[in-house]
Amino acid sequence: MHYNLPPWSISILPDCKNTEFNTARVGAQSSQMKMTPVRNGFSWQSYNEEPPSQSDNFNTAIGLLEQINVTRDATDYLWYLTDVNIDSNEEFLKNGQYPWLTVLSAGHALHVFVNGQLSGTVYGSLEDPKLTFSSNAKLNAGINKISLLSVAVGLPNIGTHFETWNAGVLGPVMLNGLNEGRRDLSWQKWSYKTGLEGEDLSLHSLSGSSSVEWVEGSLLVQGQPLTWYKSIFNSPDGDDPIALDVSSMGKGQIWVNGHSIGRYWPAYIAKGNCNNCSYTGTYDEKKCLRNCGEASQRWYHIPRAWLKQTGNLLVLFEELGGNPYGISLVTRTVDRVCADIFEWQPSLLNYQREVSGRVGKPVRPKAHLRCAPEQKISSIQFASFGTPEGACGSFREGKCHAHKSYDALEKRCIGQQACSVTIAPEVFGGDPCPEILKKLSVEAICSW
C-alpha cells in the first residue's frame with residue numbers, strides 16, 4: 001500500500017490501512033497584528049547604579065561561590081568583589097602595558113568593573129551559556145577594586161541532571177602580565193553582594209522610586225550601563241491591548257506601577273540560517289528558522305488592569321546602555337486574518353457521527369475568518385482553492401488554482417465582522433484539479 005506522508009507530520013491509521021488523520025492537514029485561522037504608536041517618547045529621569053563598596057554586611061568566602069546557591073534565585077544579580085594589591089615596582093606601571101584580566105563564568109552575562117570603571121560586558125548563548133571575559137585591566141599601584149556583576153537569566157528545569165547546572169563566576173579568575181607572571185585570584189578572599197542597590201531600595205515601586213535623587217533633562221544618562229530610568233504616563237484611550245516597544249534598549253527589566261513586565265534583551269540577536277526552508281528529511285530543530293538577525297522579542301504587553309487613567313509609573317533597569325528616547329507605547333489591533341484549511345480536514349461533527357454509528361455524507365469543513373470587535377473585513381488580499389503555497393502574509397498560487405476563489409470569498413465576507421466559507425469545489429466554480437487533495441488559503445484585511 002502507498003501513503004502520502006507530508007514531511008514532519010504524523011498519520012493515524014486505526015485499522016492499519018486507512019489514514020484517518022494527519023497532523024499536516026489541520027489548519028485554523030491565524031491573525032497578523034498591527035502595532036500602532038500612541039505615544040512616541042517619554043519624559044525620562046535616570047539614576048546610575050554604582051558598583052558597591054566593601055561592607056561588613058557582605059558575605060565573604062575564600063574562593064568563588066555558585067550564584068544560585070548564594071542568591072537563592074531571589075534576584076538575577078550577584079556582585080563578586082575582591083581587592084588586588086599592586087606593588088609600585090610593577091613593570092607595567094612604567095611601560096603602560098596593563099596586565100590581562102581573564103574571568104571564566106558559567107553564565108549567563110557578566111559586567112566587569114575595575115576601580116569602579118566598566119572594563120567590558122560579555123554574555124553566553126542559548127546553546128552555550130558559559131562565557132569568558134578577557135581584556136586589559138587598568139590597575140594602579142596600591143589597592144585596586146575588582147567588581148564582577150554576574151547576571152543569571154533562568155536555568156533549565158528539564159533534561160538529564162538539570163539540577164547540576166550552575167550559574168555565576170566559578171573561575172578561574174587570572175591576572176597575566178605582572179612581574180610575577182600570572183596571579184590566580186580565584187582562591188583569595190571574595191565578598192558577595194546579592195542584588196542591586198536599586199532592588200534594595202525598590203526603585204521600581206511607587207514608594208521606593210522617591211527614595212533617591214533622579215536626574216533629568218541635559219543631565220539624563222544615556223548609553224551608560226547599569227542605569228535606572230523612570231517616567232510617568234497616562235493610559236491610552238480605548239480597550240485595545242497595550243504594549244511597550246523597547247527595541248532601542250539593550251538588556252534589562254521593566255516594571256509598571258510596581259508590577260514586573262519581565263526581562264527584555266533586544267541586544268541578543270537570533271543567529272542561524274533562515275534560507276531555503278524544506279522540512280523534507282530527518283527532523284532538525286535548526287531547519288526552517290525564521291527572523292534571523294532580529295531580537296527574540298520587541299513588544300512587551302502591559303495589562304490594562306494594572307493601569308490607572310493617569311499617573312502610571314514606568315521603570316526600567318538597563319544593563320548595557322540603550323536609548324530610552326526610542327521607547328514607545330503602542331496599541332495592538334488585528335490587521336489581517338488568514339485561514340489555511342484542507343478540503344477533508346477532520347471535524348468533530350464527522351467524528352461524532354462515525355462513533356455513534358450514523359451513516360451519512362461527510363460534512364465539509366469550513367474556513368472561518370473573524371476580525372476584532374467593531375472591525376469589518378474590507379478586502380480579500382489573497383484567495384486560492386487548489387494547491388496554494390506559503391503562509392499568512394506570503395501566500396502564493398500553486399500549480400492548481402480555482403479562478404473563482406476571490407469571488408467566493410468577496411461575496412460572503414466583505415463588510416462582515418466574521419464569515420465562513422465551505423471548503424467544497426462547487427463553491428469555487430468547480431474542481432480545478434481532480435484526484436488531488438486541495439486546500440483553501442485566504443488572507444483578509446480588517447478595517448475600522
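The chain has the name beta-galactosidase in an unreviewed UniProt entry, where Stephania yunnanensis is given as its organism. What UniProt states about the chain under its Sequence similarities (unreviewed entry) heading is, verbatim, "Belongs to the glycosyl hydrolase 35 family."

Undergrad: Help me get a handle on the sheet that holds strand β15 (residues 215-216), residues and values and all.
TA: For sheets, the rule is that strands pair by backbone hydrogen bonds, running either parallel or antiparallel. Reading across from one edge, β15-β4-β16-β21-β18-β19 is the order of the six strands in this open sheet, with antiparallel pairing throughout. Sheet topology places β15 and β19 (259-264) at the edges, where each strand pairs with a single neighbour.

Undergrad: Describe the side chain of Q253, listing the residues and the values that go with them.
TA: Position of Q253 among the secondary structure elements: in strand β18 (residues 252-256). Looking at Q253, its side chain comes within polar contact range of the side chain of D76, at 3.4 Å. Ignoring sequence-local partners within four residues, the contact set of Q253 consists of D76, Y77, G262, R263, Y264, V315, L316 and F317.

Undergrad: How would you summarise the UniProt feature "domain: SUEL-type lectin" (unreviewed entry) in the chain if you had to cite specific residues and measurements?
TA: UniProt's feature table lists "domain: SUEL-type lectin" (unreviewed entry) at residues 361-447, given in the numbering used throughout. Segment residues 361-447 splits into 10% helix and 34% strand. End C-alpha atoms: 38 Å apart.

Undergrad: I'd like a description of the nonpolar core, backed by residues and values.
TA: In terms of nonpolar packing, the biggest core is built from 25 residues, with L101 and L148 touching the most fellow members. Elements with a minimum of two residues in this core: β6 (77-86), β7 (100-105), β8 (109-114), β10 (131-136), β11 (142-151), β12 (169-178) and β14 (189-194). Those residues within four positions of L101 in sequence are excluded, and the remaining contacts are V112, V114, F133, S134, S135, A137, V173, M174, L175 and L185. Within the second largest apolar cluster, 24 residues are counted, among which are I377, I380, A402 and V421.

Undergrad: Break down a nonpolar patch on the surface for me, citing the residues and quoting the values.
TA: A grouping of W8, Y279 and Y283 is seen on the molecular surface, where their side chains present a nonpolar patch of about 350 Å² in accessible area. Mapped onto the elements, W8 comes out in the segment before β1 (11-12).

Undergrad: Quick rundown of the packing of aromatic side chains? Include the residues and the values.
TA: This model, assessed by the stated rule, comprises 15 aromatic pairs. Consider the rings of F42 and F233, whose centres lie 6.0 Å apart with planes at 90°: the pair is edge-to-face. With a gap of 191 residues between them, F42 in the loop between β3 (29-40) and β4 (45-48) and F233 in strand β16 (residues 227-233) connect regions that are remote in the sequence. Grouping residues by exposure puts F42 and F233 together as buried. Residues W228 and W255 carry aromatic rings whose centres are separated by 5.6 Å and whose planes lie at 25° to one another, so their mutual orientation is stacked. A residue pair is termed long-range when its members are at least 10 positions apart, and W228 in strand β16 and W255 in strand β18 qualify at 27 residues.

Undergrad: Before we move on, could you go through the environment of H368 and cite the residues and values that matter?
TA: Its place among the elements puts H368 in strand β23 (residues 366-370). In this structure H368 comes out as partly exposed when scored by relative accessible area, which is 48%. Discounting chain neighbours no more than four positions away, the residues touching H368 are Q29, A339, C419 and S420.

Undergrad: Before we move on, can you summarise the pattern of salt bridges with the specific residues and values?
TA: For the coordinates displayed, the defined rule picks out 13 salt bridges. Between D83 and K145 there is a salt bridge whose closest N-O contact spans 3.2 Å. Linking D83 in strand β6 with K145 in strand β11, this pair joins segments that are 62 residues apart in sequence. By relative accessible area, D83 is classed as partly exposed at 32%. Note that K438 is salt-bridged to E343, the shortest N-O span being 3.4 Å. With a gap of 95 residues between them, K438 in the loop between β25 (418-422) and β26 (439-447) and E343 in the loop between β22 (328-342) and α4 (348-356) connect regions that are remote in the sequence. For K438, a relative accessible area of 2% puts it in the buried group. What emerges from the salt-bridge pattern is a single network uniting E343, R364, D431 and K438.

Conventions adopted
- Starting afresh in each chain, residues are numbered from 1 along the sequence in its written order.
- Only residues with pLDDT of at least 70 get local features here, since the model is predicted, and only at 80 or more are side-chain atom pairs given and counted; chain-wide, interface and lining totals rely on the full set of residues.
- Side-chain descriptors were evaluated using all non-hydrogen atoms of the structure, hydrogens and water having been removed beforehand.
- UniProt positions are given in the numbering used here, feature names are shortened, and annotations may be inferred rather than shown by experiment.
- Two strands qualify as a pair provided that DSSP identifies no fewer than 2 bridges between them.
- Note on conventions: DSSP H or I runs of at least 4 residues are helices, E runs of at least 2 residues are strands, and numbering of each starts at the N terminus.
- Two N or O atoms count as a polar contact when they lie within 3.5 Å, although within protein this holds only if one can serve as hydrogen donor and the other as acceptor, and sequence-adjacent residues are included solely when both atoms are side-chain atoms.
- For this analysis, residues touch if any pair of their heavy atoms sits within 4.5 Å.
- Residues belong to a common nonpolar core when they are buried Ala, Val, Leu, Ile, Met, Phe, Trp, Tyr or Cys residues joined through side-chain atoms within 4.5 Å.
- Any residue under 20% of the maximum accessible area for its type is buried, any over 50% is exposed, and the rest in between are partly exposed; the area is computed with a 1.4 Å probe on protein chains only.
- Exposure above 30% relative accessible area and the lack of any salt bridge qualify a residue for a patch; like charges then connect within 9 Å, and the nonpolar side chains Val, Leu, Ile, Met, Phe, Trp and Tyr within 5 Å.
- Where accessible areas are quoted, they stem from the Shrake-Rupley method and a 1.4 Å probe; at the residue level, only the protein chains shown are allowed to cover.
- Whenever a carboxyl oxygen of Asp or Glu lies within 4 Å of a side-chain nitrogen of Lys or Arg, that contact is scored as a salt bridge.
- Paired rings are identified among Phe, Tyr and Trp, the last through its six-membered ring, by centres lying within 6.5 Å, and are further divided according to the angle between planes into stacked (under 30 degrees), edge-to-face (over 60) and tilted (the rest).

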